[in-house]
Amino acid sequence: MIGSDDERRASAGDPSVAPDDELGASIDTLLADAALWVEVPDGLDERVVAAVRSEAAVGEPPTPTPNSGPRRTSVRPALLGAAAAILLLFGGVVVLSALSGASGTDRFSADLVSTGLIADVDGSIEVTSFSSGLRIDLDAPSLPRRDGGRFYEGWLRTDDDKLVPVGTFHDGDGVTLWAGIEPERVVAFSITMERAVAPASPDQSSSGDVVLKADVSP
Amino acid sequence: ASAAPHTLGGSVHEFRPAPVVAEDRELALALREGDEDAVRALYARYGGLVFTVANRVLGDRQWAEEVTQHTFLQAWRNADSFEPGRAFAPWLATIARRAAIDVQRRERRRPAGALDDADAADSALVSLPPSAEQIEAVWDVRAAIDALAPEEREVVRLQHLEGYSHAQIADRLGIAVGTVKSRSHRAHRRLATRLDHLRPEDAGREPIGPPSRSEGGDLQ
């Protein structure tokens, strides 16, 4: 705004006006990339909606999902079955045998498989049951390190389809995680990429960016 | 530990402030119900960012448009597997990146002429696609740019993309140099706040934005 205090200070070379290079080289590089400033083609929104409408008009029977209500449209390609088959093919199944939740003697392990979000990573977990909860020993040294407010987080999925966070870490080399949950309720373990959030945030849900996972079943 | 999906309101990741994430949840529920208007709303919110990601990978507007259409079709098809309470942004960015890589590979398999005849800017000559983290950065920076006021965005564009000085920008826009500096200062402060997670740790700057989750605080 012409005549504002900021402008008068700026014009006078007041050092309180921050230099334009405070963003850092990586951001500067992106800001200098024409691809970041591209204008979206006119009418692309209509073409996207038309593509969806066209698929809806072809019509496939809806794919029922658990606990879902009636649908207003009937378009759902049957991808859930294919996704389940892929999980079985790549995830494998590890059987939990007689975990009684006793005292550190009940133990199982599982191999972690990559979702493809990060190439060429794998790992394994060994889960030991204690009265205080489940100790999860993670070995995934191929995970690239995340720093600067970014990290990984482990999750257990329960038999009622809820996620339980089990801890955060920078890399997968010799990590110990803990979960306050009964072993017989655990059906899967996963690792996601996460970022730091404000402490005032009421909720800390998974980003959904799964990098490694293992299916387990009691 | 909370087991229910919930929002990420108040994240340092400011392109997902609480109201937007709450709207994402409503949008996800509508999408899962097969509501075509939800696709339109989803595109309105993220279409530009998806197109930017695709264009960044492919360097071709036509292919980027193809990828954008594919991304939203995939979102529509897979809405059942998307948990309300998650944010759409990383999900869509991942779909877009993978689709763009697929297009890149497809185009590389086309019959090729002499290498010397190829346009140096041809994306098929690029040997490695951007990583997921690089795509995250592209997404974040574009979202931060889009959130600027138009007059601030134009100053930033002329500074960084065109390489103009303040004086040159003032001349081009027909405004005072002080106005340019002021707009630049405000814009860069906003960008620094929104993109703090992309800035190097050794930048020697004062912390900008709320303290991080990794520092503990209310999570204890």
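1. Some thoughts on the overall build of chain A
Counting secondary structure elements, chain A contains four helices and nine strands. In chain A, buried positions account for 44% of the 218 residues. Taking all contacts inside chain A whose residues are at least 6 apart in sequence as the whole, residues at least 24 apart take part in 52%. A total accessible area of about 10700 Å² is found for chain A, and carbon and sulfur atoms account for 56% of it.

2. Some thoughts on the confidence of the model for chain A
All names here are of chain A. On average, chain A scores 72 in pLDDT, and the residues at 70 or more come to 64%. Across residues 1–18 the pLDDT falls below 50, and counting only partners more than four positions away or on other chains, this stretch makes 23 contacts in the model. Ignoring residues within four places in sequence, the model shows residues 80–103, a span with pLDDT below 50, making 44 contacts including any to other chains.

3. What to know about the confidence of the model for chain B
Residue and element names in this part refer to chain B. Mean pLDDT over chain B stands at 77; residues scoring 70 or higher make up 72%. Residue range residues 1–18 is modelled with pLDDT below 50. Its contacts to residues more than four positions away, or to other chains, number 53 contacts. Every residue in residues 204–220 is under pLDDT 50, and counting partners more than four places away or in other chains gives 27 contacts. The ipTM for the predicted assembly is 0.73, set against a pTM of 0.52.

4. Quick look at the packing of aromatic side chains
This structure, assessed with the given rule, holds eight aromatic pairs over all chains. With 6.4 Å between their ring centres and 55° between their planes, B:Tyr46 and B:Phe88 make a pair best called tilted. One end of the pair, B:Tyr46, is in helix α2 (residues 36–58); the other, B:Phe88, is in helix α4 (residues 88–108), and 42 residues separate them in sequence. The same class applies to B:Tyr46 and to B:Phe88, which are both buried. Between the aromatic rings of B:Phe82 and B:Phe88, the centroid separation amounts to 4.3 Å while the plane-to-plane angle is 0°, which identifies the pairing as stacked. Grouping residues by exposure puts B:Phe82 and B:Phe88 together as buried. Here the aromatic cluster, defined as three or more aromatic residues joined through ring pairs, consists of B:Tyr46, B:Phe82, B:Phe88, B:Trp91 and B:Trp139. A cation over a ring is seen here: A:Arg146 above A:Tyr152, with NZ or CZ 5.8 Å from the ring centre.

Thresholds applied
- Residues numbered from 1 in each chain as written.
- Chains lettered and ligands numbered in written order.
- Predicted model: local features only at pLDDT ≥ 70, side-chain atom pairs only at ≥ 80, totals over all residues.
- Heavy atoms only, no water.
- Helix = DSSP H or I, 4+ residues; strand = E, 2+ residues; numbered from the N terminus.
- Buried < 20%, exposed > 50% of the residue type's maximum accessible area, 1.4 Å probe, protein only.
- Contact = heavy atoms within 4.5 Å.
- Areas by Shrake-Rupley, 256 points an atom, 1.4 Å probe, with all protein chains shown as cover.
- pLDDT = per-residue confidence, 0-100.
- Phe/Tyr/Trp six-rings, centres within 6.5 Å; stacked < 30°, edge-to-face > 60°.
- Lys NZ or Arg CZ within 6 Å of the ring centre and 35° of its normal.

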